[in-house]
Amino acid sequence: MNIRLIAVEVGDALKYDTSVNEIGRIAGAVLPFQHDHFPNDSITSQRAQLIYDWIMCLGRHRCTASERATLLKTFVNRLAPEGEAHERVNKILADAGVEGAAPDQQVLRRFDAGNFHSEIILHCRKLYGQKNFFHAVFEAAKVYHNLIRDKSQSDKDGEAMMMNVWDPRNGVLKVTSCQTETDRNVQDGIKFLSAGLMRAIRNPTAHEPALHWPIDEQDATDILAFVSFLLRQHDKAVYVP
């Protein structure tokens with residue numbers, strides 16, 4: 001979390017939407033420390049400077065990252081509880097990767113236009129709206145993995161499980177009768193696509209830090225659409241023990 005950048009941007013975003021007294025009143029009620037001053041020559045507004053000071057104080061306050069994020073969200077959302085100012089400051093928090101920041105409404109509208117599977121909407125919509133694309137994709141892969149494991153009653157995991165349960169000959173999940181060559185090709189395709197999801201998406205997001213494996217909005221949209229397709233195959237699949 002780049003607390004200095006957040007402090008500058010939130011102060012600038014709210015300098016016309018609040019007052020010095022309101023900033024002091026809310027900060028005193030929400031933030032468990034005393035105000036200190038952090039001179040910044042690039043800030044010319046008294047209100048922006050005061051917001052900057054309080055957020056910078058929060059940056060050096062001894063607490064966990066989760067506690068800091070919660071205090072920051074509470075402070076800025078009390079300063080801007082609704083309207084355009086609310087959306088502006090929460091977009092700043094979301095862009096900065098603050099956990100649990102309010103979703104960006106424009107990003108949510110783009111998500112909603114994707115017509116994703118209901119499980120993707122349930123587990124990934126909020127993360128996507130917060131621009132937390134890495135974890136949105138990870139959740140999608142986990143959801144698919146767990147639904148397949150439950151439906152197949154398999155004791156295997158990940159790629160090995162997908163190769164086993166979707167196999168045209170010995171697998172227990174069937175999306176075709178596997179009687180004709182075309183049937184078997186389709187079944188094989190679902191098997192390899194599912195295994196590929198585990199290897200290319202689930203495993204990297206499970207083991208790599210988000211900073212080392214960035215996922216942008218376009219990639220996230222494409223991956224979620226792909227997982228939606230696989231989830232619909234899961235819905236159609238018949239368990240054949």
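Residues numbered from 1 in each chain as written. Predicted model: local features only at pLDDT ≥ 70, side-chain atom pairs only at ≥ 80, totals over all residues. Heavy atoms only, no water.

(A) Region of interest: the overall build of the chain. If you tally the helices and strands in the chain, you get 11 helices and two strands. Going residue by residue from the N terminus, the α and β elements of the chain occur as α-α-α-α-α-α-α-α-α-β-α-α-β. For the chain, whose C-alpha radius of gyration is 23 Å, the value lies well above the compact-globule estimate of 18 Å for 241 residues. Along the three orthogonal principal directions, the C-alpha set of the chain runs to about 75 × 35 × 25 Å. Per-residue burial over the chain gives 45% buried out of 241 residues. The distance from the centre of the 28 positive side-chain charges to the centre of the 31 negative ones in the chain is 3 Å. (Helix = DSSP H or I, 4+ residues; strand = E, 2+ residues; numbered from the N terminus. Rg over C-alpha atoms; globule rule 2.2 N^0.38 Å. Buried < 20%, exposed > 50% of the residue type's maximum accessible area, 1.4 Å probe, protein only. Lys, Arg positive; Asp, Glu negative; His and termini not counted. Charge placed at Lys NZ, Arg CZ, Asp CG, Glu CD.)

(B) Quick look at the confidence of the model for the chain. On average, residues of the chain carry a pLDDT of 90, and 96% of them reach 70 or more. Between the elements of the chain, mean pLDDT differs from a low of 82, seen in helix α5 (residues 83-95), to a high of 98, seen in strand β1 (residues 173-174). (pLDDT = per-residue confidence, 0-100.)

(C) Main features of the packing of aromatic side chains. Taken as a whole, this structure holds four aromatic pairs when the rule is applied. Chaining the aromatic ring pairs together yields one cluster made of F111, F116, Y128 and F133. Here K142 stacks its cationic end above the ring of F138, 4.6 Å away from the centre of that ring. (Phe/Tyr/Trp six-rings, centres within 6.5 Å; stacked < 30°, edge-to-face > 60°. Lys NZ or Arg CZ within 6 Å of the ring centre and 35° of its normal.)

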